[in-house]
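# What the coordinates show
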Amino acid sequence: AGNEALKSKEFNKAEAAFSQAISYDKEFVDAYIALGMTKRILGQNVSSQNALETAIKLYPRSLQAHEELALLYLNNNQEDKAIQQYKTLLSHHPGYPEAFLSIAQIYFDQGKYGDALQASEGAIRSLISRADSKRAADARLLAGRCYLKLGQYKTAIKYFKANKKQ
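All residue numbers refer to positions counted from 1 along the written sequence of the respective chain. Restriction of local features to residues with pLDDT of at least 70 applies here, the model being predicted, together with a cutoff of 80 or more for giving and counting side-chain atom pairs; totals for whole chains, interfaces and linings are based on all residues. No hydrogens and no water enter the side-chain calculation; it runs on all heavy atoms of the structure.

Check the secondary structure of the chain and you find ten helices and zero strands. Note on classification: 1.4 Å probe, protein chains only; a residue is buried when its accessible area is under 20% of the maximum for its type, exposed when over 50%, partly exposed between these limits. Among the 166 residues that make up the chain, the fraction classed as buried is 44%. The contact definition used throughout considers only heavy atoms, calling two residues in contact when any of these lie within 4.5 Å. Sequence separation of 24 or more characterises 42% of the internal contacts of the chain that already satisfy a separation of 6 or more. Computed with the Shrake-Rupley method and a 1.4 Å probe, the accessible areas treat only the protein chains shown as cover for residues. Per element, the accessible surface of the chain, about 9,200 Å² overall, is 51% carbon and sulfur. Only DSSP runs of H or I reaching four residues or more are called helices, and only runs of E reaching two or more are called strands; each is numbered from the N terminus.

The next subject is the packing of helix α3 (residues 29-41) against helix α4 (residues 45-58). Every axis corresponds to a line fitted to the C-alpha atoms, with the helix fit spanning only the stretch in contact, and the corresponding angles, defined between N-to-C directions, vary from 0 to 180 degrees. Contact geometry of α3 with α4 gives a least axis separation of 8 Å together with a crossing angle of 160°. Comparing their axes, α4 and α3 come out roughly antiparallel. Crossing geometry of α3 relative to α4 is assigned as left-handed. Taking contact as the criterion, the partners of Val29, Tyr32, Ile33, Leu35, Gly36, Lys39 and Arg40 in α3 are, on α4, Ser47, Ser48, Ala51, Leu52, Thr54, Ala55 and Leu58. Throughout this entry, Asp, Glu, Lys and Arg are counted as charged residues, while Ala, Val, Leu, Ile, Met, Phe, Trp, Tyr, Cys and Pro are counted as nonpolar. The remaining residues, Gly among them, count as polar. Of the residues that constitute the contact of α3 with α4, the class distribution is eight nonpolar, four polar and two charged. Every angle not falling under 35 degrees, over 145, or within 65 to 115 is termed oblique; those three ranges are roughly parallel, roughly antiparallel and roughly perpendicular. Rotating anticlockwise by less than a right angle from the far helix to the near helix defines a left-handed crossing, while the corresponding clockwise rotation defines a right-handed one.

Once that is clear, we can look at the pattern of salt bridges. The rule for a salt bridge is simple: a side-chain nitrogen of Lys or Arg has to be within 4 Å of a carboxyl oxygen of Asp or Glu. Following the criterion strictly, the structure yields four salt bridges and no others. Among the salt bridges present, the one from Glu10 reaches Lys13, with a minimum N-O distance of 3.4 Å. For Glu10, a relative accessible area of 36% puts it in the partly exposed group. Residue Arg40 pairs with Glu68 through a salt bridge whose shortest N-O separation is 2.8 Å. Residue Arg40 is found in helix α3, and its partner Glu68 is found in helix α5 (residues 63-75); the two are separated by 28 residues along the sequence. There is no split in this pair, since Arg40 and Glu68 are both buried.

Our focus in this paragraph is the packing of aromatic side chains. Pairing of aromatic side chains requires ring centres within 6.5 Å, counting the rings of Phe and Tyr and the six-membered ring of Trp. Pairs whose planes differ by under 30 degrees are stacked, by over 60 edge-to-face, and all others tilted. Tallied over the full model, the rule gives two aromatic pairs. The interplanar angle of 65° and the centroid separation of 5.2 Å between the aromatic rings of Phe108 and Tyr113 together place this pair among those described as edge-to-face. Of the residues examined, Phe108 reaches a relative accessible area of 9% and is grouped as buried. Ring centres of Tyr147 and Tyr159 lie 5.1 Å apart, and the angle between their planes is 45°; on these two criteria the pair is classed as tilted. Of this pair, Tyr147 sits in helix α9 (residues 133-149) while Tyr159 sits in helix α10 (residues 153-164), and the two are twelve residues apart along the sequence. With relative accessibility at 16%, the residue Tyr159 sits in the buried group.

With that out of the way, let us pick up the side chain of Glu121. Along the polypeptide, Glu121 turns up in helix α8 (residues 113-129). Asp and Glu count as negative and Lys and Arg as positive, but His and the ends of the chain are not part of the count. Among buried charged residues, Glu121 stands out as having no salt bridge; its nearest opposite-charge side chain is Arg125, 4.9 Å away. In this structure Glu121 touches Tyr147 and Tyr159, once residues within four positions along its chain are discounted.

Moving on to helix α7 (residues 97-109). A helix's residues, less one, multiplied by 1.5 Å, set its expected span. For α7, which comprises 13 residues, the first-to-last C-alpha distance of 18 Å matches the rise-based estimate of 18 Å (1.5 Å per residue) to within 8%. Every buried residue belonging to α7 is among Pro97, Ala99, Phe100, Leu101, Ile103, Ala104, Ile106, Tyr107 and Phe108, and all of these are buried. Contacts made by the buried residues of α7 are with α5, α6 (79-92), α8 and α9. In the stretch just after α7, Gly111 is the one whose phi turns positive, near 80°.

Relative orientation of the contacting elements α3 and α5 amounts to 15°, with a least axis distance of 10 Å. Here α5 runs roughly parallel to α3, going by the angle between their axes. Crossing handedness for the pair α3 and α5: left-handed. Residues Ile33, Met37 and Arg40 of α3 form the contact with α5, whose own contacting residues are Gln64, Ala65, Glu68, Leu71, Leu72 and Asn75. Residue composition of the contact of α3 with α5, by class: five nonpolar, two polar and two charged.

Put into structure tokens, the structure is as follows:
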């Protein structure tokens, strides 16, 4: 019932359904994650954080819980906490490209181009190993922008040209 309500954007109904599911089973990780997502959408940030942290306590390797918590931090302009959450996610799922890309974009927006470049390179490696050339091109573009900001124009051009070959 909760997932259907969430899909149809009936957030209060979804919240009630996920809360009820948790009342039946206090270790229902997916219900905590869904409740956290719903609360984030409703702007109930503290409740969202509590639900997602509970999901992580119950299942520390939960990719979705870590990612949702990082999104919550980003929505609240807590970029450093978001980066830390993505890094924690990567400690459990070392090849998860979305975490690398998110970290890279945050660092880029903060003007930390060396750190952004390092995260972009991680995303490129991960995406190439998954044969995801379109997303790897996005990561190469971000890496190229980092090299450009760092004044390494020739290397930036190589990254930009590599994307044209895709």
